[in-house]
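As a plain string of letters, each chain reads:
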Amino acid sequence: MTNSSAGSAAVPSTPLLKDELDIVIPTIRNLDFLEMWRPFFQPYHLIIVQDGDPNKTINVPEGFDYELYNRNDINRILGPKANCISFKDSACRCFGYMVSKKKYIYTIDDDCFVAKDPSGKDINALKQHIENLLTPSTPHFFNTLYDPYREGADFVRGYPFSLREGTSTAVSHGLWLNIPDYDAPTQLVKPLERNQRYVDAVLTIPKGTLFPMCGMNLAFNRELIGPAMYFGLMGDGQPIGRYDDMWAGWCVKVICDHLGLGVKTGLPYIWHSKASNPFVNLKKEYKGIFWQEEIIPFFQSAVISKDSTTVQKCYIELSKQVREKLGKIDPYFNKLADGMVTWIEAWDELNPPKLVVEVTNGPAKA
């Protein structure tokens, strides 16, 4: 595969994790945005998950190595279990996680463009995500100089030497310049607000702390946490939308805390090019805005048993707690709990046992 000279950034002779990472993109439109990402993405394999009408043709720029799945493909591959994959919602991206055979995943939305750092240089978001994933996390003790494994940083005075090896990093959560990832009410009261602050920092989210995960600029170690990256039941036929990535993030964080894995947030930035309609968003989020006041305490108090030593076992145990405790809020959560179980069953069918990771008293080891 030849690398293009398009763009201002050069592709390294041997891109990091070239044969170990898939880029997953959910879309309903032609992927012209890939042209600006060509210098960074072309060496990698793409998995495109087409949402909406499966008869629509999605055009992909020449020179990219990709496979494309539409709803017909999802139904064919998963059969009856396809009902766990959302329709008419970007949550369908998690099907790409399931069919990938690579160790790492980077997922990005098709309205996310290449951002520039304060010096005006194009940001290679994928490279920064890989650096985040390949260095340890520090969830058990906060380092006031942020990520101590970055160049020019280290552990500060008073940081316990016994914790300086850190833990394996499962998730790298990137951010966005221009259009911030706001909920509908905040969009409505701040319609002109744009994020222009470039903060040169990567932080480990402390153990026991939840966060609102955004799926538009996200990377993770599929072997360590992949089975928990289920984006739930959203979109067509569901009473809620725009909570897919956050639901996955809450589940992932609880399981990472239990298994001794780390989650980072901060760099890299992408340029989020357009704001979605706040009135449409409000219809999607309306119930979630109320429900999250009970969902968050549920995850904050969730406890997973010591017997659950794989992501799959943790996730099934969590699904039972969802049914028992959140099912009282609305019947939707019983349906979601069923979807969680179906997701794990489908994941295990498509993925060989060697990808199951057992964790005992510390960082995960494959």
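Definitions and limits used
Residues numbered from 1 in each chain as written. Predicted model: local features only at pLDDT ≥ 70, side-chain atom pairs only at ≥ 80, totals over all residues. Heavy atoms only, no water. Helix = DSSP H or I, 4+ residues; strand = E, 2+ residues; numbered from the N terminus. Expected span 1.5 Å × (residues − 1). Buried < 20%, exposed > 50% of the residue type's maximum accessible area, 1.4 Å probe, protein only. Core = buried A, V, L, I, M, F, W, Y, C linked by side-chain atoms within 4.5 Å. Contact = heavy atoms within 4.5 Å. Salt bridge = Lys/Arg side-chain N within 4 Å of Asp/Glu carboxyl O.

**Student:** Break down helix α7 (residues 244-259) for me, citing the residues and quoting the values.
**Tutor:** With 16 residues, α7 extends 23 Å from end C-alpha to end C-alpha; this agrees with the ideal 22 Å at 1.5 Å per step. Here α7 lies mainly inside the structure; 15 of its 16 residues are buried.

**Student:** A description of the nonpolar core should follow, citing residues and the corresponding values.
**Tutor:** If you look at soluble globular proteins, the nonpolar side chains tend to sit buried side by side. Ranked by internal contacts, the top residues of the largest apolar core, which has 67 residues, are Ile225, Trp247, Ile255, Tyr315 and Trp343. The element that contributes the greatest number of residues to this core is α7, accounting for 10 residues. Beyond its immediate sequence surroundings of up to four residues, Ile225 is in contact with Ala170, Val171, Phe220, Val252, Ile255, Cys256 and Val311. The next biggest cluster of nonpolar side chains, apart from the first, holds 30 residues, and it includes Val60, Phe64, Cys112 and Ala219.

**Student:** Give a detailed account of unusual backbone geometry, specifying residues and quantitative values.
**Tutor:** Only a minority of non-glycine residues have a phi that is not negative, and only a minority of peptide bonds are not trans. Cis rather than trans, the peptide bond between Leu267 and Pro268 has omega equal to 10°. With respect to the helices and strands, the residue Pro268 is situated in strand β9 (residues 262-272). A positive phi is found at Tyr146, a non-glycine position, where the angle reads about 65°. Relative to the helices and strands, Tyr146 resides in the loop between α4 (125-134) and β6 (169-178). Classification of Tyr146 by relative accessible area gives partly exposed; the value is 41%.

**Student:** Quick one: what's the story with the pattern of salt bridges, residue by residue and with numbers?
**Tutor:** Side chains that differ in sign of charge can pair as their charged atoms come close. Under the counting rule described, the total for this entry stands at 15 salt bridges. Measuring nitrogen to oxygen at the nearest pair gives 2.6 Å for the salt bridge that ties Lys127 to Glu131. Here the residue Lys127 and the residue Glu131 both occupy positions in helix α4, the gap between them amounting to four residues, near one helical turn. Here Arg242 ties to Glu285 by a salt bridge, and the two come within 2.5 Å at their closest N and O atoms. Residue Arg242 is found in the loop between α6 (222-225) and α7, and its partner Glu285 is found in helix α8 (residues 278-301); the two are separated by 43 residues along the sequence.

Keep in mind that these numbers describe shape and distance, not what the molecule does.
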